[in-house]
Amino acid sequence: MIQQKSFFTIFFGVCALGFTLTAQETHTFSLPSPAQSGIYIENIATGDVLLDIDGDKPFVPASIVKSITAAAALTTLGPDYRFGTDVVLRGDVNGGVVAGNLVIKVSGDPTLESSHFKEYSGFTDSIANALRAMGVLNIKGDIVVETDNFLEQDVPDGWMEEDLAWPYGAGHKSLNFRDNKFVLSMPSRSSVPKVPGLKVRYTPASCALKVDRKRGDDTYILRGRVRRRVHEVALANPDPAATLKYELCQKLGSAGIKHGTVPVKASSNETCVYTHVSPPLLEVLQSLMFRSDNMMAEGALRALAPGKSREDAVSRELKMWEHRDIDTELIALEDGSGLSRNDRVTPYFMADILVWMASQYSATDYVSLFPKAGRDGTLKSFLRDSSLEGRVALKTGSMKGVQCYAGYVLGMDGLPTHVVIIMINKFNCSRSKVKEEAERLLLDMFAVE
């Protein structure tokens, strides 16, 4: 049986800073059926469309959704925005004794004790040191994680159960701690960092070790071979607040500070102990875009609607684009990371956002969020050792049957000259074939002078 292919022909003639586009030269983009392609490339300065293949059709975007979230967060909150976490004593304080509780007021900060921001570490140490400096020796009540200002929600619709056991599927919570992940050691079933009350069900088998966790269930189901001495696997932490509380208890004990284990009724008097602030939003966005961090992307989305639901945050995001005359009619977003299989966006929608961002005062900040071809993050092997290495900046998105790119071609001055959107769905050829076609298309269209 002969495998059918879809061919697209491109005709164009445009000149851009640092690049030559050959006039009326014909190019093809081909992938075996049943692959579906949505491709849109536009000159930002002139508005000339170099290529439009089904730009008006919705596609599964995967992680290029993060570039939408980053654009909305940067525009709405600004590059210097920081998440704050307040720690207070609630109750009367007399002679080193607190007749109340130690309260952590969470804000959804996705960076608390993150391994990606080590210079902002020391949260529990800072609390213990502050209490010692205040002369506090005994807290009659418990450590309370207060979520009054944050609506806790389960992982978004469209995240698959196969995702939920792993760090990339950890989800974003009211309190996030140490990237919401831990390392499970088998056969001891110990965890680092400690996950109090960890539930593991293990069935030995001759196959490679498999791990599952059902939606709404904190039990990890393991089946397969486990090495005799030690077998370690990184997993999503089902209860990062419990991990934080455990670590803080250890720090307080080491500092000679006693505390109870049950919250007590106390006066409404509050004494500030410590306020932790996150890295600036621009740094958070750079980190999550380069590493394609789902949990941090969800945190950036939720920051658009403080105290509200994820759905409210998405609604505010889409309304923001509508107010900028960007068509959202065919757009469906369940999350801020693109891990939901229910997400649908069009190449036009993606391109309109990227063109708008490139024309704003924050253009340099926004473009800096995108990995550069052949050099950074998820784009490190793309176009490496070609004439476009470092001259194309793209966010990638991939899942089964999906490979997408969204970003810019850069001029000699490092500023964006063209918007590039490539969205491939339902392919059953190798992923390397899809990447090769995308590379070939860009190399054919853009040649460095």
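Anything mentioned here points back to the structure above.
Overview of the structure.

Notes on the overall build of the protein chain
No. 1: When you go through the protein chain residue by residue, the secondary structure sums to 9 helices and 22 strands.
No. 2: For 449 residues, the compact-globule estimate of 2.2 N^0.38 gives 22 Å, and the C-alpha radius of gyration of the protein chain, at 25 Å, lies within 12% of that figure.
No. 3: Projected onto its principal axes, the C-alpha coordinates of the protein chain cover approximately 85 × 55 × 40 Å.
No. 4: Burial status across the protein chain gives 53% buried among its 449 residues.
No. 5: Contacts in the protein chain between residues at least 24 apart in sequence constitute 68% of all its contacts with a sequence separation of at least 6.

Observations regarding the pairing of strand S21 (residues 416–425)
Put simply, side chains in a regular strand alternate between the two faces of the sheet.
No. 1: Along S21, 10 of the 10 residues are buried, which leaves the element largely enclosed by surrounding structure.
No. 2: In terms of strand pairing, strand S5 (residues 36–43) meets S21 through 8 bridges, oriented antiparallel. Looking at the pairing, Tyr40 lines up with Ile421 of S21.
No. 3: Sheet topology note: the strand S20 (residues 402–410)/S21 ladder contains 9 bridges and is antiparallel. Residue pairing across strands places Tyr408 opposite Val419, the latter belonging to S21.

Considerations on the sheet that holds strand S13 (residues 199–204)
No. 1: Ordered in space as S13-S15-S14, the 3 strands form an open sheet in which the pairing is mixed. Where the open sheet ends on each side, the last strands, each with one partner, are S13 and strand S14 (210–212). For this sheet, the mean inter-axis angle between neighbouring strands, taken without regard to orientation, is 20°.
No. 2: Pairing geometry for S13 and strand S15 (residues 219–224), over 6 bridges, is parallel.

Some points on a negative patch on the surface
No. 1: On the surface, a cluster of negative charge is contributed by Asp154, Asp157, Glu311 and Asp312.
No. 2: Relative to the helices and strands, Glu311 is located in helix H6 (residues 310–322).
No. 3: Residue classification places Glu311 among the partly exposed positions, given a relative accessible area of 46%.

Topic: helix H7 (residues 347–358)
No. 1: Taking 1.5 Å of rise per residue, 12 residues should cover 16 Å, and H7 covers 16 Å from first to last C-alpha, within 8% of that figure.
No. 2: With respect to burial, H7 is a largely interior element, 10 of its 12 residues being buried.
No. 3: If you check which residues of H7 are buried, you get Pro347, Phe349, Met350, Ala351, Ile353, Leu354, Val355, Trp356, Met357 and Ala358.
No. 4: Next to the buried residues of H7 lie S5, helix H1 (65–77), H6, helix H8 (363–367), S20 and S21.

Observations regarding the nonpolar core
No. 1: Ranked by internal contacts, the top residues of the largest apolar core, which has 59 residues, are Trp321, Phe349, Ile353, Met357, Tyr366, Tyr408 and Ile421.
No. 2: Looking at which element gives the most residues to this core, the answer is H7, with 9 residues.
No. 3: In this view, Met357 contacts Ala71, Leu74, Thr75, Trp321, Ser362, Ala363, Tyr366 and Tyr408; residues no more than four positions away in its chain are not counted.
No. 4: In this structure, Ala35, Leu383, Leu394 and Ile424 belong to the second largest nonpolar core, which totals 28 residues.

Examining the packing of aromatic side chains
No. 1: Tallied over the entire structure, the rule returns 9 aromatic pairs.
No. 2: Both rings, one in Tyr40 and one in Tyr348, keep their centres 5.4 Å apart while their planes meet at 80°; by these two values the pair is edge-to-face. On the criterion of sequence distance, the pair formed by Tyr40 in strand S5 and Tyr348 in helix H7 is long-range, its members being 308 residues apart.
No. 3: Classification of Tyr40 by relative accessible area gives buried; the value is 8%.
No. 4: Among the residues examined, Tyr348 registers a relative accessible area of 32% and is labelled partly exposed.
No. 5: By way of ring pairs, the aromatic residues Tyr366, Phe370 and Tyr408 are connected into one cluster.

Digging into the pattern of salt bridges
No. 1: Counted by the stated rule, this structure contains 16 salt bridges.
No. 2: Note that Arg178 is salt-bridged to Glu113, the shortest N-O span being 3.6 Å. Of this pair, Arg178 sits in the loop between strand S10 (143–146) and strand S11 (181–186) while Glu113 sits in the loop between strand S8 (97–105) and helix H2 (123–133); the two residues are 65 residues apart in sequence, bridging distant segments of the chain.
No. 3: In this structure, a network of salt bridges that share partners links the residues Arg90, Lys105, Glu146 and Glu270.

Rules and cut-offs
Chains are numbered independently. Their residues run from 1 in the order of the written sequence. Since the coordinates come from a predicted model, pLDDT governs what is reported: local features require at least 70, and pairs of side-chain atoms require 80 or more to be given and counted, while whole-chain, interface and lining totals use all residues. Side-chain metrics in this entry use all non-hydrogen atoms of the structure; hydrogen atoms and water are not considered. Numbering of helices and strands runs from the N terminus; a helix is a DSSP stretch of H or I covering at least four residues, while a strand is a stretch of E covering at least two. The atom set for the radius of gyration is the C-alpha atoms, and the globule formula is 2.2 Å times the number of residues raised to the power 0.38. Partly exposed residues are those whose accessible area sits between 20% and 50% of the maximum for their type, while under 20% is buried and over 50% is exposed, using a 1.4 Å probe and protein chains only. Whether two residues are in contact is decided by their heavy atoms: any pair within 4.5 Å suffices. Two strands qualify as a pair provided that DSSP identifies no fewer than 2 bridges between them. Every axis corresponds to a line fitted to the C-alpha atoms, with the helix fit spanning only the stretch in contact, and the corresponding angles, defined between N-to-C directions, vary from 0 to 180 degrees. Surface patches are defined over residues having more than 30% relative accessible area and no salt bridge, joining like charges when they lie within 9 Å and nonpolar side chains (Val, Leu, Ile, Met, Phe, Trp, Tyr) when within 5 Å. To be clear on the numbers: accessible area is Shrake-Rupley with a 1.4 Å probe, and residue cover counts the displayed protein chains and nothing else. When a carboxyl oxygen of Asp or Glu is within 4 Å of a side-chain nitrogen of Lys or Arg, the pair counts as a salt bridge. Residues scored as charged are limited to Lys and Arg (positive) and Asp and Glu (negative), so that His and the chain ends carry no count. By convention, the charge on Lys lies at NZ, on Arg at CZ, on Asp at CG and on Glu at CD. In this scheme, a helix's expected span is set at 1.5 Å multiplied by one less than its residue total. Buried Ala, Val, Leu, Ile, Met, Phe, Trp, Tyr and Cys residues form a nonpolar core when they are joined through side-chain atoms within 4.5 Å. Stacked, tilted and edge-to-face pairs are distinguished by plane angle, under 30 degrees for stacked and over 60 for edge-to-face with tilted covering the rest, among Phe, Tyr and Trp rings (Trp via its six-membered ring) whose centres lie within 6.5 Å.

The analysis is restricted to geometry; functional conclusions fall outside its scope.
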